[in-house]
Amino acid sequence: YKTLGQTNLQLYIFTPVSHAATNRCPAIVFFFGGGWTTGSPQQFEQQCRYFASRGMVAITADYRVASRQGVKPPQCVADAKSAIRWVRKHAAQLGVDPNRIVAAGGSAGGHLAAAAAVVPGLDEPGEDTSVSAVPNAAVLFNPALVLAPLGNLDLEKFASRVSAERMGGDPQRISPAHHVKAGAPPMIIFHVRAETTVPFATSEAF
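Residues numbered from 1 in each chain as written. Predicted model: local features only at pLDDT ≥ 70, side-chain atom pairs only at ≥ 80, totals over all residues. Heavy atoms only, no water.

K.L.:
How would you summarise the side chain of Asp62 if you had to cite specific residues and measurements?
P.N.:
Along the chain, the position of Asp62 falls in the loop between strand S5 (57–61) and helix H2 (66–69). Residue contacts for Asp62: discarding those within four places in its chain leaves Tyr1, Leu9, Gln10, Phe32, Pro41 and Arg68. (Helix = DSSP H or I, 4+ residues; strand = E, 2+ residues; numbered from the N terminus. Contact = heavy atoms within 4.5 Å.)

Next up, the structure:
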């Protein structure tokens, strides 16, 4: 879906049995977790197989990460937006309804799905922004939604993981909770209260 230098970013697509381009199925695009540093599209392969069995076009997306391409989270967000935009632009060939595209992901991948939904800008330079990169809904698993101080929320244990250096600039710029507004896509969040990597309280605050 995108080529940058020597990096070719792929989408792995799972379709329902007897799927055809003439269909207009809902689609779901998964983004893997790994702290914006590591991870693999294989993380959500089984979920893709399941959703395809239920009649959706299910996609697990690769995106740039720090350990492989030396990028920061803003570039990860740009890749997520590119992936959703590509699916919507090619909906007719994929047999997808362009108005029923879900973004999904876990941890850092959940952040990317939420950022595509509510964070403005951060599009890949030169991309056709007339095609929306905003998903129609989002499914988030233990997502990183609060990356900067927010009200009375205690981020002390999380702050070192979302420093300006690691986030590639002001963390608030890419913090989904700081960009919530009327008209945002509907979202469902699954977050275990005992979660330690991404505090449960951040999802509550979002």
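K.L.:
Tell me what's going on with helix H5 (residues 108–118), and back it up with residues and numbers.
P.N.:
Burial of H5 is extensive: eleven of the eleven residues sit out of reach of the surface. Those residues of H5 not exposed but buried are Ala108, Gly109, Gly110, His111, Leu112, Ala113, Ala114, Ala115, Ala116, Ala117 and Val118. (Buried < 20%, exposed > 50% of the residue type's maximum accessible area, 1.4 Å probe, protein only.)

K.L.:
I'd love a proper account of the state of the cysteines, names of residues and values included.
P.N.:
Across all of its chains, the model carries zero disulfides by this definition. Looking at the unpaired Cys48, the closest cysteine sulfur is the one in Cys25, lying at 14 Å. The class of Cys48 is buried, set by a relative accessible area of 0%. Left unpaired, Cys76 is separated from the closest cysteine sulfur, that of Cys48, by 19 Å. (Disulfide = S-S within 2.5 Å.)

K.L.:
Tell me about the pairing of strand S7 (residues 137–141), and name the residues and values.
P.N.:
Sheet topology places strand S6 (residues 96–106) next to S7; five bridges connect them, and they run parallel. Paired with Gly105 across the two strands is Leu140, which belongs to S7. Crossover S6 to S7 through H5 is right-handed. Here S7 pairs with strand S8 (residues 187–190) via four bridges, running parallel. Residue pairing in the sheet places Ala138 in a bridge with Met187 of S8. (Pairing = 2+ DSSP bridges. Right-handed = clockwise from strand over helix to strand, strands pointing away.)

K.L.:
If you had to explain the environment of Pro176 to someone new, which residues and values would you point to?
P.N.:
Structurally, the position occupied by Pro176 is in the loop between helix H7 (164–167) and S8. A C-alpha to C-alpha distance of 24 Å links Pro176 and Leu11, two positions 165 residues apart in sequence.

K.L.:
Residue-level account of the sheet that holds strand S4 (residues 25–31), with values.
P.N.:
One open sheet accounts for six strands, arranged S3-S5-S4-S6-S7-S8; its pairing is mixed. With one partner strand each, in any of the chains shown, strand S3 (11–14) and S8 form the two edges of the open sheet. Along the sheet, successive strands turn relative to each other by an average axial angle of 20°, direction set aside. Across the face of the sheet, helix H3 (residues 73–89) comes into contact with S3, S4, S5 and S6 while running at roughly 155° to S6. The strands that H5 touches are S4, S6, S7 and S8; relative to S6, the one it contacts most, it runs at about 140°. (Axes fitted to C-alpha atoms, helices over the stretch in contact; angles between N-to-C directions.)

K.L.:
Residues and numbers for the packing of H3 against H5, please.
P.N.:
Packed helix pairs are characterised by how far apart their axes lie and by the angle those axes make with each other. It is the contact of H3 with H5, at a shortest axis distance of 9 Å, that shows an interaxial angle of 65°. Considered as vectors, H3 and H5 are oriented roughly perpendicular to each other. Where H3 crosses over H5, the handedness of that crossing is right-handed. Seen from H3, the contacting residues are Cys76, Val77, Ala80, Lys81 and Ile84; seen from H5, they are His111, Leu112, Ala115 and Ala116. The class makeup of the residues in the contact of H3 with H5 is seven nonpolar, one polar and one charged. (Parallel < 35°, antiparallel > 145°, perpendicular 65-115°, else oblique. Left-handed = near helix turned anticlockwise from the far one by under 90°. Nonpolar A, V, L, I, M, F, W, Y, C, P; charged D, E, K, R; others polar.)

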